[in-house]
Amino acid sequence: KNEVEQSPQNLTAQEGEFITINCSYSVGISALHWLQQHPGGGIVSLFMLSSGKKKHGRLIATINIQEKHSSLHITASHPRDSAVYICAVFYGGATNKLIFGTGTLLAVQP
Amino acid sequence: NAGVTQTPKFQVLKTGQSMTLQCAQDMNHNSMYWYRQDPGMGLRLIYYSASEGTTDKGEVPNGYNVSRLNKREFSLRLESAAPSQTSVYFCASRGGYYEGETQYFGPGTRLLVL
């Protein structure tokens, strides 16, 4: 079982829809990252969270530390949002490394 | 600033051949990382360098070696390539000392080992 679980694995949406991608992890963490990987491979960091909520444009990321769960929301989705969205967690301490989920492939159709 | 650059972008090798993947960053970052990405699996850490002059094994180091040539450059070497090393390789760097801080990724190198 992967330490970082994302759902759904694949998601198809119509342009304009509200999208939610979920990430769950197994033990307490110091920080959680959301990353975006476009077709062609480039990976870009979207958010780093240790608590609460962050917003950037149409993207909103939330984290619930007690429930070990984070969500990435996209409002008014657009075909250019089509990408793989990756959750990664940092446990800190002796682990001291990022652990990545397998990603959610999002396709937004016009 | 170019950010994190990687060369080559694509490479085809035969089993047993060797090659070096190059990575450079111009952000004056202390830490650099090499990951591999395989279908159905998350990015996995091969090696990392927390600072110039130091390197450490990650999750999947077997079959690879690294060199932190200077603060800017971190290379990954496959001494004797195997088909299991067919993958997409990403280099990343991070500026601060807190490991949870944002990492900046290169564009990736697609490697096919026949």
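So, here's what we can say about the structure.

1. Quick look at the interface of chain B and chain A
- Taken together, the contact pairs 18 residues of chain B with 18 residues of chain A.
- A buried area of about 1500 Å², summed over both sides, lies between chain B and chain A, and 62% of it is on carbon and sulfur atoms.
- The interface formed by chain B and chain A includes zero salt bridges.
- At the surface where chain B touches chain A, the tally comes to one residue pair in polar contact (both at pLDDT 80 or more).
- Mapped onto the side of chain B that touches chain A, the elements with two or more residues apiece are β4 (31-37) and β5 (44-49) of chain B.

2. What to know about the pattern of salt bridges
Residues and elements named next belong to chain B.
- Under the criterion given, the structure shown has four salt bridges over all chains.
- The salt bridge partner of Asp-38 is Arg-36, with a shortest N-O separation of 2.9 Å.
- Relative accessible area serves as the criterion here: at 8%, Arg-36 is assigned to the buried category.
- In this structure, Asp-38 and Arg-44 form a salt bridge, with 2.8 Å as the shortest nitrogen-oxygen distance. For the pair shown, Asp-38 and Arg-44 are each scored as buried.

3. A word on the state of the cysteines
All names here are of chain A.
- Tallied over the full model, the rule gives two disulfides over all chains.
- Across a sulfur-sulfur distance of 1.9 Å, Cys-23 and Cys-87 are joined as a disulfide pair. The disulfide joining Cys-23 to Cys-87 has a torsion of about -65° about its S-S bond and is therefore left-handed. Placement of Cys-23 in strand β3 (residues 19-25) and of Cys-87 in strand β9 (residues 83-90) is noted, with a sequence separation of 64 residues between them.
- Owing to a relative accessible area of 0%, Cys-23 belongs among the buried residues under this scheme.
- Cys-87 gets classed as buried once you look at its relative accessible area, which sits at 0%.

The rules behind these values
Residues numbered from 1 in each chain as written. Chains lettered and ligands numbered in written order. Predicted model: local features only at pLDDT ≥ 70, side-chain atom pairs only at ≥ 80, totals over all residues. Heavy atoms only, no water. Contact = heavy atoms within 4.5 Å. Buried area = accessible area lost by both parts, 1.4 Å probe. Salt bridge = Lys/Arg side-chain N within 4 Å of Asp/Glu carboxyl O. Polar contact = N/O pair within 3.5 Å; in protein donor to acceptor, adjacent residues only side chain to side chain. Helix = DSSP H or I, 4+ residues; strand = E, 2+ residues; numbered from the N terminus. Buried < 20%, exposed > 50% of the residue type's maximum accessible area, 1.4 Å probe, protein only. Disulfide = S-S within 2.5 Å.

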